[in-house]
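Below are the chains, spelled out letter by letter.
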Amino acid sequence: MVTWLQRRAIAVLVGTRAPYYIIGMRIGNLNLEGNLFLAPLAGVSNRPFRLLARRYGADLVFSEMVSAEGIIRAQACSLDMIKFSPDEQPIGIQLFGADPSSLHEAAAITSEQMKPDLIDINFGCPVKKIVNRNGGAALLKDLSLSQKIMEGVVLGAKAVPVTIKIRSGWDESSPVYREIGQIAEETGISAISIHARSRAGKYESAANWETIGHLKDAVSIPVIGNGDIRSPEDAKNMIKQTGCDGVMIGRAAMSNPYIFRQTKEFLSDGEVKTKPSIENYIALALEHATLNAENIGPVRGIIKVRRQLGQYVRGFPGASKLRPLLHLVKTVEEIEQLFDNYLKEQAVVE
Ligand SMILES: Cc1cc2nc3c(=O)[nH]c(=O)nc-3n(C[C@H](O)[C@H](O)[C@H](O)COP(=O)(O)O)c2cc1C
């Protein structure tokens, strides 16, 4: 395994302009062109949003978390959530659950029927409904169960590499990420993403990137750092401070999918060239709404995308008046009309 320092030395020797950061990654048998990941985001990282993230520079996208029980019971919504199209790839499908044999079976079904690039296991979800059934972050309290789950999924996934996504521990007094990392390595897990907070940390305190560096020191499989990347500069700082192999972006991508392209530019040239205008964000909003209407349906697709449209106009002059109107739209045409009116009004103001 080539360490980050060795890679950096090689990059310096061969004269790459940005020796630190823009690196292809190998996860098991999967080769990625770069190291920027769209985080799994329940309710958000569905097919349309994954397509957008790929179009705007993500090197691999993760699905929303999908219930292992739902897959083995052939529930329509779970089966729909593991589907994807080739233009979203590379893609990781994230499974959640607490029963090793269910997760094993779900991984086997997912790998055989869908052939994703990765299967990921959720060890970080803090939501009560999930942790009360011992899934998500609750697994961080039971390392023996966690090990069985990893073994089961690796066996079920067969040739598809398996990754895990963890938090640092259940609470601040139980930082188990190193132990989980070592178990992962021993059971054949191919990479670990770490959201640098405990379950108890929820989102209230700042992510503690030190844990990412400590995990990187404790394992030799690739580590993907996650938590509070809001800009290309943050991504560079995380890699620099922690030595992580890749970075995963969640909330910042929800309001700005361009962040992947911008981060790539910044990591390779030290400068962000993509500076989207208001018109670019409007085009992005329409692209997202159209993809939603096509993939989810003309009514439900638009209802589902409204909140995110509101996020795309963040920073626009008059956004506080525009946003509530976007939250009421029902069709792509209405969205177009709304933006047309907005641009005309802005032209008058100027
Ligand atoms: C709306 C939303 C949904 C999320 N859903 C999932 C999920 O399904 N699986 C998961 O592992 N993490 C999930 N997360 C956590 C994110 O993947 C990520 O770890 C977290 O947002 C921190 O990264 P960020 O600071 O870049 O947003 C979710 C977060 C948000 C905000």
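Residues numbered from 1 in each chain as written. Predicted model: local features only at pLDDT ≥ 70, side-chain atom pairs only at ≥ 80, totals over all residues. Heavy atoms only, no water.

(A) Spatial organisation of the nonpolar core. If you look at the biggest cluster of nonpolar residues, it comprises 106 residues, and the most contacted ones within it are Ile121, Ile164 and Ile166. For this core, the element with the highest residue contribution is helix α13 (residues 278-296), accounting for eight residues. Both domain 1 (4-269) and domain 2 (278-349) contribute no fewer than three residues apiece to this core. Residues within four places of Ile121 in sequence aside, it is in contact with Gln94, Leu95, Leu103, Ile149, Met150, Val153, Val162, Thr163, Ile164, Lys165 and Ile189. (Core = buried A, V, L, I, M, F, W, Y, C linked by side-chain atoms within 4.5 Å. Buried < 20%, exposed > 50% of the residue type's maximum accessible area, 1.4 Å probe, protein only. Helix = DSSP H or I, 4+ residues; strand = E, 2+ residues; numbered from the N terminus. Domains from an automatic or database assignment. Contact = heavy atoms within 4.5 Å.)

(B) Just the site of the ligand, in detail. Surrounding the ligand, one finds 16 residues, the nearest of these being Ala42, Gln94, Asn226, Asp228 and Arg251. A distance of 2.6 Å separates an oxygen atom of the ligand from a polar atom in the side chain of Asn226. (Near = heavy atom within 4 Å. Polar contact = N/O pair within 3.5 Å; in protein donor to acceptor, adjacent residues only side chain to side chain.)

(C) Helix α16 (residues 332-349), seen in detail. Given a rise of 1.5 Å per residue, 18 residues ought to cover 26 Å, and the 26 Å separating the end C-alpha atoms of α16 matches this to within 8%. If you check which residues of α16 are buried, you get Val332, Ile335, Leu338, Phe339, Tyr342 and Gln346. Along the axis of α16, the buried residues cluster in a sector spanning 120°; they form a single face. Structural note: α16 exposes Glu333, Lys344, Ala347 and Val348 on the side pointing more than 90 degrees away from its buried face. (Expected span 1.5 Å × (residues − 1). Arc of directions from axis to C-beta.)

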